[in-house]
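Summary of the model geometry
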Amino acid sequence: MTRQYIALITAYFVIVLLWFVLARFLGKRLWSKNDVFEPRRPYLELIFALLAVFCILGMGQLYLNGLLIPNTTKNIFIDAVNQFLIFIPTLALPMIRKQSIETLWIRKTDIPQRFGIGLGLALVALFVTWIVQGSTKPFMDLLSHVFHVKNSSHFVQVFMEDITIAMIFVRLSRWLGNSASIIIVASLFAAGHIPSMLAGGALFYELGSLLLDTLIGIGVLVALSRSRDIWWFFPVHFALDMTQYFSYV
């Protein structure tokens with residue numbers, strides 16, 4: 001295991017634990033289950049969600065071929081808009097199906113508080129990675145790297161990715177149940193790392209780290225499925241994603 005991997009796993013573990021502590025005190029106010037999604041034909045809603053994912057992949061191909069908003073100057077804000085456009089099918093699905101955007105885990109109430117908690121947890125997550133990595137650079141260097149305007153498109157991309165995962169998970173869980181869906185989705189995300197690990201020369205026994213990935217994924221999904229709220233999680237996801245581009249030494 002690389003130090004980067006250990007730092008990320010540790011950070012996610014700490015954040016999940018902290019969320020459960022916060023939920024104990026704030027759960028009734030912020031994370032009560034107030035919008036139950038009970039479709040008559042859940043398998044059909046899952047099919048529509050998968051069709052939306054195929055549309056997203058198609059939009060991604062348009063982006064890669066320069067067929068969205070032209071951005072020859074590499075403008076970060078135009079790229080952020082393009083990232084939003086790629087994932088438009090995610091937002092379009094509940095509108096077309098006349099469903100609440102809370103089925104994407106986009107809570108409509110107390111957004112500043114939810115997002116503020118997410119930023120606080122993101123700072124904790126970054127501090128954990130900074131400590132585990134044994135960085136020789138000041139912590140403020142890491143913060144200025146992560147929360148820089150140059151990362152605007154990544155910020156939008158992570159948010160849209162997270163609500164897309166929510167779109168699929170919510171509809172899958174209404175068909176197969178919450179517990180089965182958590183295990184399936186966490187396992188699929190862990191398995192998604194196998195090709196890149198093998199391409200990087202990982203030995204068979206090193207694939208055992210995928211079990212740890214799965215367990216952390218289960219913890220994250222349990223927290224998310226209980227909160228039904230993406231506002232507290234996506235700042236953490238964004239911040240930890242940006243650490244891969246930072247040199248700690």
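Everything discussed here concerns the structure shown above.
Residues numbered from 1 in each chain as written. Predicted model: local features only at pLDDT ≥ 70, side-chain atom pairs only at ≥ 80, totals over all residues. Heavy atoms only, no water.

**Focus on the pattern of salt bridges**
As a working rule, side chains carrying opposite charge can pair if their charged atoms are close by. Under the defined criterion, the tally for this structure stands at two salt bridges. Of the charged contacts in the structure, one is a salt bridge between E45 and R97, with a shortest N-O distance of 2.7 Å. Of this pair, E45 sits in helix α2 (residues 42–64) while R97 is found in the loop between α4 (88–96) and α5 (111–132), placing the two residues 52 residues apart along the sequence. What makes R97 partly exposed here is its relative accessible area of 31%. (Salt bridge = Lys/Arg side-chain N within 4 Å of Asp/Glu carboxyl O. Helix = DSSP H or I, 4+ residues; strand = E, 2+ residues; numbered from the N terminus. Buried < 20%, exposed > 50% of the residue type's maximum accessible area, 1.4 Å probe, protein only.)

**Considering the nonpolar core**
Of all hydrophobic cores here, the largest spans 62 residues; its most connected members are L142, F159, W232 and V236. Elements supplying a minimum of two residues to this core: α1 (3–30), α2, α5, α6 (139–146), α7 (152–176), α8 (178–191), α10 (209–227) and α11 (234–242). Residue contacts for V236: discarding those within four places in its chain leaves Y12, I15, G118, L121, A122 and A125. (Core = buried A, V, L, I, M, F, W, Y, C linked by side-chain atoms within 4.5 Å. Contact = heavy atoms within 4.5 Å.)

**Description of a nonpolar patch on the surface**
Together, Y43, I47, L50, L51, F54, L57, W175, L176, I184 and L188 make up an exposed nonpolar region whose accessible area comes to about 1000 Å². Mapped onto the nonpolar patch, the elements with two or more residues apiece are α2, α7 and α8. Top contributing element to the nonpolar patch by residue count: α2, with six residues. Counting through the fold element by element, I47 comes out in helix α2. (Patch = residues over 30% accessible without salt bridge, like charges linked within 9 Å, V, L, I, M, F, W, Y side chains within 5 Å. Areas by Shrake-Rupley, 256 points an atom, 1.4 Å probe, with all protein chains shown as cover.)

**Some details on α1**
An α-helix turns once every 3.6 residues. As a result, residues three or four positions apart point the same way. Taking 1.5 Å of rise per residue, 28 residues should cover 40 Å, yet α1 covers just 35 Å from first to last C-alpha, more than 12% shy of that figure. Taking the largest bend as the criterion, α1 deviates by roughly 65 degrees, centred on R24. All buried positions along α1 are accounted for by Y5, A7, I9, A11, Y12, I15, V16, W19, A23, G27 and L30. Contact partners of the buried residues in α1: α5, α10 and α11. (Expected span 1.5 Å × (residues − 1). Bend = angle between axes of the 7 residues up to and from the residue.)

**So, the packing of aromatic side chains**
If you walk through the whole model with that rule in mind, you get 17 aromatic pairs. Ring centres 5.1 Å apart and planes at 80 degrees place the aromatic pair W19 and F20 in the edge-to-face group. Residues F147 and F238 carry aromatic rings whose centres are separated by 6.4 Å and whose planes lie at 50 degrees to one another, so their mutual orientation is tilted. Of this pair, F147 sits in the loop between α6 and α7 while F238 sits in helix α11, placing them 91 residues apart in sequence. Given a relative accessible area of 38%, F147 falls into the partly exposed group. Joined through ring pairs, the aromatic side chains of F115, F147, F155, F159, W231, F234 and F238 make up one cluster. For K137, the ring lying beneath its charged end belongs to F246, and the centroid distance is 5.3 Å. (Phe/Tyr/Trp six-rings, centres within 6.5 Å; stacked < 30°, edge-to-face > 60°. Lys NZ or Arg CZ within 6 Å of the ring centre and 35° of its normal.)

**Comments concerning the packing of α2 against helix α3 (residues 76–86)**
With their axes 8 Å apart at the nearest point, α2 and α3 run at an angle of 150 degrees to one another. For the element pair α2 / α3, the angle class is roughly antiparallel. Across the interface between the two elements, I56, M59, G60 and Y63 from α2 touch D79, N82, Q83, L85 and I86 from α3. (Axes fitted to C-alpha atoms, helices over the stretch in contact; angles between N-to-C directions. Parallel < 35°, antiparallel > 145°, perpendicular 65-115°, else oblique.)

**Digging into the layout of surface pockets**
Here the second largest pocket defines a volume of roughly 340 Å³. Around the second largest pocket, the lining comprises 15 residues; the ones closest to its centre are T164, I165, I168, V185 and F189. Of all the elements in the fold, those that place two or more residues in the lining of the second largest pocket are α2, α7 and α8. Looking at the lining of the second largest pocket, its residues break down into eleven nonpolar, two polar and two charged. (1 Å grid on protein atoms, 1.4 Å probe; cavity = no way out; pocket = protein on both sides within 12 Å on 5 of 7 lines; lining within 4 Å. Points joined across faces, edges and corners; volume = space filled by probe spheres on them. Nonpolar A, V, L, I, M, F, W, Y, C, P; charged D, E, K, R; others polar.)

**Regarding the environment of L104**
Along the chain, L104 falls in the loop between α4 and α5. According to the relative accessible area criterion, L104 is buried, its value standing at 0%. It is 21 Å that separates the C-alpha atoms of L104 and I216, two residues lying 112 residues apart in sequence. Excluding residues within four positions of it along the chain, L104 makes contact with T90, L91, P94, I163, A166, M167 and R171.

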